[in-house]
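Examining the three-dimensional arrangement
What follows is each chain in one-letter form.
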Amino acid sequence: GKNSKRSVIPNPVSIDERPAIVNERSRVGDWEVDTVLGKQGSGAIVSLLERKSRRYLVQYVPSKTASAVADTIISMLKPYQAHVHTITADNGSEFVEHERVAAELEAQVYFAHPYSARERGQNENSNGLLRQYFPKGTDLSAHRASELNAVALALNTRPRKTLGWRTPAEAFNELIRSA
């Protein structure tokens, strides 16, 4: 309706237009992004997952504003810029500044269909693992960055069957060395 709170993402590119190579998981550099919300007003966690290696990056953001989330995504991926081809997001209002993210990282941002979490399933799964450490209703502002980094390290050093029992950290490092 006219008074809808739903924000409109400017110039979204549908996941349908994403290159087929992304679905094949045959190259490093295709990322999924999401936010994990804390207790009301306590901020959020921006999570990024590299699809092939399952490398998982997390960072606290004090507010879920579009500019704060865009700045965080850019700062998280800048060290890996040579290995950022695509980013797939949901249709949340926090991703309104996707064009700035795409320009800064020289990557393409795609948007999943509304209410289709399965299109970014690996990131959703990793966020579920993150929730084991920070359950819903947690005041995220009460946790230090070192705690969040320790959780990310634990998840990135957990062997995965899909990676031949290598860890996401091992797989990612091998892939970027060989790229």
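Data block above holds the structure.
None of these values were measured; they are calculated from a predicted model.

The rules behind these values
Residues numbered from 1 in each chain as written. Predicted model: local features only at pLDDT ≥ 70, side-chain atom pairs only at ≥ 80, totals over all residues. Heavy atoms only, no water. Helix = DSSP H or I, 4+ residues; strand = E, 2+ residues; numbered from the N terminus. Rg over C-alpha atoms; globule rule 2.2 N^0.38 Å. Buried < 20%, exposed > 50% of the residue type's maximum accessible area, 1.4 Å probe, protein only. Contact = heavy atoms within 4.5 Å. Areas by Shrake-Rupley, 256 points an atom, 1.4 Å probe, with all protein chains shown as cover. Axes fitted to C-alpha atoms, helices over the stretch in contact; angles between N-to-C directions. Parallel < 35°, antiparallel > 145°, perpendicular 65-115°, else oblique. Left-handed = near helix turned anticlockwise from the far one by under 90°. Nonpolar A, V, L, I, M, F, W, Y, C, P; charged D, E, K, R; others polar. Salt bridge = Lys/Arg side-chain N within 4 Å of Asp/Glu carboxyl O.

When helices and strands are tallied, the chain shows six helices and five strands. Reading the chain from its N terminus to its C terminus gives the helix and strand order α-β-β-β-α-β-α-β-α-α-α. For 179 residues, the compact-globule formula gives about 16 Å, and the C-alpha radius of gyration of the chain, at 16 Å, lands near that figure. The dimensions of the chain, computed from C-alpha atoms along their principal axes, are 50 × 40 × 25 Å. The buried share of the chain, taken over its 179 residues, is 47%. Taking all contacts inside the chain whose residues are at least 6 apart in sequence as the whole, residues at least 24 apart take part in 63%. Accessible surface for the chain amounts to roughly 9200 Å². Of this, 51% is attributable to carbon and sulfur atoms.

Running from amino to carboxyl end, helix α4 (residues 121–133) crosses helix α5 (residues 145–156) at an angle of 130 degrees, the nearest separation of the two axes being 11 Å. Judged by the inter-axis angle, α4 sits oblique to α5. Between α4 and α5 lies a crossing of right-handed hand. Along its contact with α4, which presents Ser126, Leu129, Leu130 and Tyr133, the element α5 presents Leu148, Val151, Ala154 and Leu155. Residue classes in the contact of α4 with α5 are distributed as seven nonpolar, one polar and no charged.

This next bit is on the pattern of salt bridges. Side chains bearing opposite charge may pair, as long as their charged atoms lie close to each other. Within the structure shown, the criterion is met by 10 salt bridges. Note that arginine 27 and aspartate 30 form a salt bridge whose closest N and O atoms lie 3.0 Å from each other. Owing to a relative accessible area of 23%, arginine 27 belongs among the partly exposed residues under this scheme. Put simply, arginine 120 and glutamate 124 hold a salt bridge, and the shortest N to O gap is 2.6 Å. Exposure remark for glutamate 124: the relative accessible area of 28% places this residue in the partly exposed category. It is possible to trace a salt-bridge network through shared partners that takes in Asp34, Asp90, Arg120 and Glu124.

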